[in-house]
Amino acid sequence: MRLGVPEIRERAERFDSALEEETYRTRAGLKTRPEFRALFNADAVLAGPDLIPSIERRLAEAEGEDERCLRMLLEWAAGFHMRSAIARLDDEYWAWEASSALERDGRALPLRQMARSVASESERAVRLESEVGRNEMLEELIPMQIDRVARARDAMADLGYGSFVEAKERLCGFSVRNLAADLRRFMDETRDAYFDLHTYHLKRYLDISAAEAEVTDRRWLSRMSWLDEYFDRPRVIDRAHQDLREMGLLTEDGHGIERDFEARPLKRAGSFCATIEIPDRVVICLAPTGGRPDCVSYMRELGLALHAVHTDPDLIYEYRALGDASVSQAFGILFYRLMQNRTWLERVTGLEGDALEEYLLLARFLDLCRQRRNAAILSYELIVLGSSHTSDLADTYVELLLEATGFRHDPR
């Protein structure tokens, strides 16, 4: 059967909306076991063998805008094929995570909330102990995660575009390996400045040496609980919304952006933006922990949400939702950067003088840490995807992250 592009487009949009809704409900703690596998199997056309060949045949004859849109659809279809291969494992993973908790002081602390909640703990010894318990729980997942990588790698190889990385590069028209090389230069150029700040902040806030630094120390520094009075989430959000309304970027009703700030036991720590229907339904989901992390997370997701709701509804699906994700991510980073903007912070939080300067120094250090960490993770993922011995790479992960961030990570 030769599928038409309009039919593929319609089915892809309907599927993505259902998948985004399922992902939102799972991450938000509204259900304990997702049904990703059922979603991938629900549409016989998308799950059938004719989807990718149909797009490839059309692409061979296309040019101009048609070619551009078909390339986006082909990348989407390849992603659908790969994600379908691991959907059952994703169901199992999310169900396991939702049911896992650490017993501490007579109460159960859900695994989903541990990293963020432990960061608020004032005693370093307690944070380190909790991290040990968390990593022991995560050890159960190692076989499943190794299986997941193998299945994803095999699924991409099935398409005939080369290895996983080669296929991704051909499909998206972007060299991930060139990016990794650029990031290695970035790591070299920022190393001295980064580790000078690393030593300074560890001594100032934790009174420990660089050799003692653990990943829980980075999370505690990011929490900045001593500044909670300045980073009052309702006040910061209200002021940001006021600014946006004055610029005409946000209406009184929120421009169709829903906000889910409800605290639920199984809500996953952190935040995300669920673009369920672009531009009509977008949800910013936040698991509140208090203070600066809530504000930073919300501002990033607000940028993503604004990009989605201001997307022209008359555009075809490829232009509304597919293509280069860095476009929407740039909006998220733009708003995230307001949390390092001196003028905006003074007006919104009341921070000023030496306190503001110390905050900015720490915030910029943490931002650089995040970028160096991402660079190391990309290097690690490229190694994993190119290796047939994934289970032997735990020490490589530890070494790369330590070299990049100066914080020790557990190999699990």
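The structure this text deals with has already been given above.
Since this is a predicted model, take the numbers as computed values, not measurements. (Residues numbered from 1 in each chain as written. Predicted model: local features only at pLDDT ≥ 70, side-chain atom pairs only at ≥ 80, totals over all residues. Heavy atoms only, no water.)

**Here we look at the overall build of the chain**
Okay, step 1: Looking only at helices and strands, one finds 18 helices and five strands in the chain.
Okay, step 2: Computed over C-alpha atoms, the radius of gyration of the chain comes to 22 Å, within 12% of the 22 Å expected from 2.2 N^0.38 for 412 residues, which places it in the range of a compact globule.
Okay, step 3: For the chain, the spread of C-alpha atoms along the principal axes amounts to about 65 × 55 × 45 Å.
Okay, step 4: For the chain, with 412 residues in total, the buried portion stands at 47%. (Helix = DSSP H or I, 4+ residues; strand = E, 2+ residues; numbered from the N terminus. Rg over C-alpha atoms; globule rule 2.2 N^0.38 Å. Buried < 20%, exposed > 50% of the residue type's maximum accessible area, 1.4 Å probe, protein only.)

**Brief notes about the environment of Val 236**
Okay, step 1: Note on placement: Val 236 falls in helix H12 (residues 233-246).
Okay, step 2: Distance from Val 236 to Leu 322, taken between C-alpha atoms, is 32 Å for residues 86 residues apart in sequence.
Okay, step 3: Setting aside residues up to four positions removed in sequence, Val 236 forms contacts with Tyr 230, Phe 231, Cys 295, Trp 344, Val 348 and Thr 349. (Contact = heavy atoms within 4.5 Å.)

**As for the sheet that holds strand E3 (residues 257-260)**
Okay, step 1: If you walk across this open sheet you meet the three strands as E3-E5-E4, and the pairing is mixed. The sheet terminates laterally at E3 and strand E4 (270-277), the two strands that pair on one side only. Across the sheet, the mean angle from the axis of one strand to that of its neighbour is 20°, orientation sign disregarded.
Okay, step 2: In this structure, E3 lies alongside strand E5 (residues 281-287), joined through four bridges in parallel fashion. Bridging across to E5, Asp 260 finds its partner in Cys 285. (Pairing = 2+ DSSP bridges. Axes fitted to C-alpha atoms, helices over the stretch in contact; angles between N-to-C directions.)

**Here's the deal with the packing of helix H5 (residues 64-99) against helix H9 (residues 164-172)**
Okay, step 1: Orientation of H5 relative to H9, taken along the N-to-C sense of each, is 150°, at an axis distance of 9 Å. By the criterion of interaxial angle, the relationship of H5 to H9 is roughly antiparallel. Contacts between H5 and H9 pair Arg 71, Leu 74, Glu 75, Ala 78 and Met 82 from the former with Phe 164, Leu 171 and Cys 172 from the latter. (Parallel < 35°, antiparallel > 145°, perpendicular 65-115°, else oblique.)

**Describing the pairing of strand E1 (residues 101-104)**
Okay, step 1: Only one face of E1 is covered, namely the one carrying Leu 102 and Arg 104; the face carrying Ala 101 and Glu 103 has none of its residues buried.
Okay, step 2: As paired elements, E1 and strand E2 (residues 107-110) share four bridges and run antiparallel to each other. Its bridge partner lying in E2, Arg 104 is registered against Arg 107.
Okay, step 3: Connecting the antiparallel pair E1 and E2 is a turn made up of two residues, with Asp 105 showing a positive phi of about 55°.

**Thoughts on the packing of aromatic side chains**
Okay, step 1: Per the counting criterion, the structure on display carries 14 aromatic pairs.
Okay, step 2: On the basis of an interplanar angle of 85° and a centroid distance of 5.6 Å, the ring pair of Phe 261 and Tyr 298 is categorised as edge-to-face. You can see Phe 261 sitting in the loop between E3 and E4 and its partner Tyr 298 sitting in helix H13 (residues 291-309), a full 37 residues away along the chain. For the residue pair Phe 261 and Tyr 298, the accessibility class agrees, reading buried in each case.
Okay, step 3: A connected cluster of aromatic rings, assembled from ring pairs, spans Phe 15, Phe 40, Trp 76 and Phe 80.
Okay, step 4: Seen from the ring of Tyr 205, Arg 204 lies directly overhead, with NZ or CZ sitting 5.1 Å from the centre. (Phe/Tyr/Trp six-rings, centres within 6.5 Å; stacked < 30°, edge-to-face > 60°. Lys NZ or Arg CZ within 6 Å of the ring centre and 35° of its normal.)

**Some thoughts on the pattern of salt bridges**
Okay, step 1: Enumeration according to the criterion identifies 37 salt bridges in this entry.
Okay, step 2: For Arg 33, the salt bridge identified is with Glu 92, shortest N-O distance 2.6 Å. In this pair, Arg 33 is assigned in the loop between helix H1 (5-27) and helix H2 (36-42) and Glu 92 in helix H5, connecting sequence segments 59 residues apart.
Okay, step 3: Here Arg 33 falls in the partly exposed class, since its relative accessible area comes to 41%.
Okay, step 4: Linked through salt bridges whose partners overlap, the residues forming this network are Asp 260, Glu 262, Arg 264 and Lys 267. (Salt bridge = Lys/Arg side-chain N within 4 Å of Asp/Glu carboxyl O.)

**Focus on a negative patch on the surface**
Okay, step 1: A cluster of acidic residues, Asp 188, Glu 189, Asp 395, Glu 399 and Glu 403, forms a negative patch at the surface.
Okay, step 2: The greatest single-element share of the negative patch, amounting to three residues, is contributed by helix H18 (residues 394-405).
Okay, step 3: One can find Asp 188 in helix H10 (residues 176-206). (Patch = residues over 30% accessible without salt bridge, like charges linked within 9 Å, V, L, I, M, F, W, Y side chains within 5 Å. Areas by Shrake-Rupley, 256 points an atom, 1.4 Å probe, with all protein chains shown as cover. Lys, Arg positive; Asp, Glu negative; His and termini not counted. Charge placed at Lys NZ, Arg CZ, Asp CG, Glu CD.)

**A word on the pairing of E5**
Okay, step 1: The buried fraction of E5 amounts to six of the seven residues, a majority that puts the element mostly inside the structure.
Okay, step 2: With seven bridges joining them, E4 and E5 adopt antiparallel strand pairing. Bridge pairing in E5 links Gly 270 to Ala 287.
Okay, step 3: Hairpin connection of E4 to E5: three residues between the antiparallel strands.

**Quick look at the state of the cysteines**
Okay, step 1: Here the structure, examined in full by the defined rule, presents zero disulfides.
Okay, step 2: Note on Cys 285: no disulfide assigned, nearest cysteine sulfur contributed by Cys 273 at a separation of 10 Å.
Okay, step 3: Summary of cysteine pairing: Cys 295 is not part of a disulfide, and the nearest cysteine sulfur, belonging to Cys 285, is at 16 Å. (Disulfide = S-S within 2.5 Å.)

**Some remarks on the nonpolar core**
Okay, step 1: Leu 221, Leu 302 and Tyr 359 are the most contacted members of the largest nonpolar core, which has 50 residues in total.
Okay, step 2: Of all the secondary-structure elements, those providing two or more residues to this core are H10, helix H11 (215-223), H12, E5, H13, helix H15 (326-336), helix H16 (342-349) and helix H17 (353-385).
Okay, step 3: The greatest single-element share of this core, amounting to ten residues, is contributed by H13.
Okay, step 4: Dropping the residues within four chain positions of it, Leu 302 is found in contact with His 241, Leu 244, Ile 257, Ile 284 and Phe 335.
Okay, step 5: Of all hydrophobic cores here, the second largest spans 48 residues; its members include Ile 55, Ala 87, Leu 102 and Met 114. (Core = buried A, V, L, I, M, F, W, Y, C linked by side-chain atoms within 4.5 Å.)

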